[in-house]
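# An overview of the molecular structure
As a plain string of letters, each chain reads:
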Amino acid sequence: MDAVIENLPVFLEGFKNTLGLLLLSGTGALVLGIIIAAMRISPVASLRGFATVYTEIVRNTPLTLVLFFCAFILPYLQFSPGYFVLAMIGLTAYTSPFVAEALRSGVNGVHVGQAEAARSVGLTFTQTLSFVVMPQAVRMVIPPLINVFIALTKNTSVAGAFFVFELFGAARKVTNERGDEVLAILLAVAAFYLLVTISLGVIAARVEKKVAVLR
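Scoring rules and cut-offs
- Counting restarts for each chain: residues are numbered from 1 in the order of the written sequence.
- In view of the model being predicted, local features appear only for residues whose pLDDT reaches at least 70, and side-chain atom pairs are presented and counted only at 80 or more, with totals across whole chains, interfaces and linings using the full set of residues.
- Calculation of side-chain values draws on the structure's entire complement of heavy atoms; hydrogens and water are dropped beforehand.
- Two rings from Phe, Tyr or Trp (for Trp, the six-membered ring) form a pair when their centres sit within 6.5 Å of each other. Planes less than 30 degrees apart are called stacked, planes more than 60 degrees apart edge-to-face, and all others tilted.
- By the criteria applied, helices consist of DSSP H or I runs no shorter than four residues and strands consist of E runs no shorter than two, each listed in order from the N terminus.
- Exposure categories follow from relative accessible area, calculated using a 1.4 Å probe and restricted to protein chains: below 20% of the type maximum is buried, above 50% is exposed, and the middle band is partly exposed.
- By definition in these notes, contact holds between two residues if any of their heavy atoms fall within 4.5 Å.
- How far a helix is expected to stretch is found by multiplying one less than its residue total by 1.5 Å.
- One axis is fitted to the seven residues ending at the residue and one to the seven starting there. The bend at that residue is the angle between these axes.

### A word on the packing of aromatic side chains
For the structure shown, the criterion picks out eight aromatic pairs. Relative to Phe192, the ring of Phe15 has its centre 4.9 Å away and its plane inclined at 40°; by these criteria the two rings are tilted. Taken together, the positions of Phe15 in helix α2 (residues 8-40) and Phe192 in helix α10 (residues 182-214) put the pair 177 residues apart, joining distant regions of the chain. The exposure class of Phe192 is buried, given its relative accessible area of 14%. Where Phe50 meets Tyr54, the ring centres are 6.4 Å apart and the plane angle is 20°; that geometry is what we call stacked. Taken together, the residues Phe50 and Tyr54, both in helix α3 (residues 45-59) and four residues apart, mark about one turn of the helix. Overall, Tyr54 belongs to the buried group, its relative accessible area being 18%. Ring pairing ties together the aromatic residues Phe68, Phe72, Tyr83, Phe162 and Phe163, which thus form one cluster.

Right, here's the structure in full:
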């Protein structure tokens, strides 16, 4: 394990960038996912159509292709804020449809009478969604949302192939220097990923139990 201990600062730097991608992309995907979910259930046909097309196209496009577009096509179009930001944009765009579908399933789980009662007292569609339906839907889908973020944690590794120095990039750098200790290096990287995914899994289990009690 000396190869891991000697290069621990390198792994920590990659881990920090992985966490940064997770937090920023996760936040962006949550915000964008809420917007897309609201559009999917909107009474405006054009908004529903756009959200449906966006969801189906992005969700069925390989993540590698999405990040390739962000890393090479966007700079070609004179938009080049840096590979970390480009990776964040790609991961946000790729994850947001999964967030939207999770939220939409939660919205469908809210009894229709809730929305009808809100509309009967004069609330608009936006007010009904914001104050009545969405808070209940979010509470019901927190565990599935955390599973989406667990998948996002693992997906950040793909960004390492597009000039972002995260855990995958750290492993590649250390492997180039200590090729005789590949197994130990890969196990160390796996341990860092497990640290995040297991923590999120524990949070999901606790939230699911709490929501079950509230119901």
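From this point on, the discussion continues.
### Considerations on the side chain of Ser42
With respect to the secondary-structure elements, Ser42 resides in the loop between α2 and α3. With relative accessibility at 6%, the residue Ser42 sits in the buried group. Those residues in contact with Ser42 that lie beyond four places of it in its chain are Leu47, Arg48 and Phe125.

### A closer look at helix α4 (residues 63-76)
Spanning 14 residues, α4 covers 19 Å between terminal C-alpha atoms, matching the ideal 20 Å at 1.5 Å per step. Of all the bends in α4, the greatest measures close to 30° and is centred on Cys70. Inspection of α4 places Leu63, Val66, Leu67, Cys70, Ala71 and Leu74 among the buried residues, and these make up the whole buried set. Positive phi appears at Gln78, one or two residues downstream of α4, with a value of about 70°.

### Here we look at unusual backbone geometry
The phi dihedral of Gln78 is positive, around 70°, even though this residue is not glycine. Looking at Gln78, the relative accessible area reads 71%, which means it is exposed. A positive phi is found at Phe163, a non-glycine position, where the angle reads about 70°. Mapped onto the elements of the fold, Phe163 is located in the loop between α8 (142-155) and α9 (167-177).

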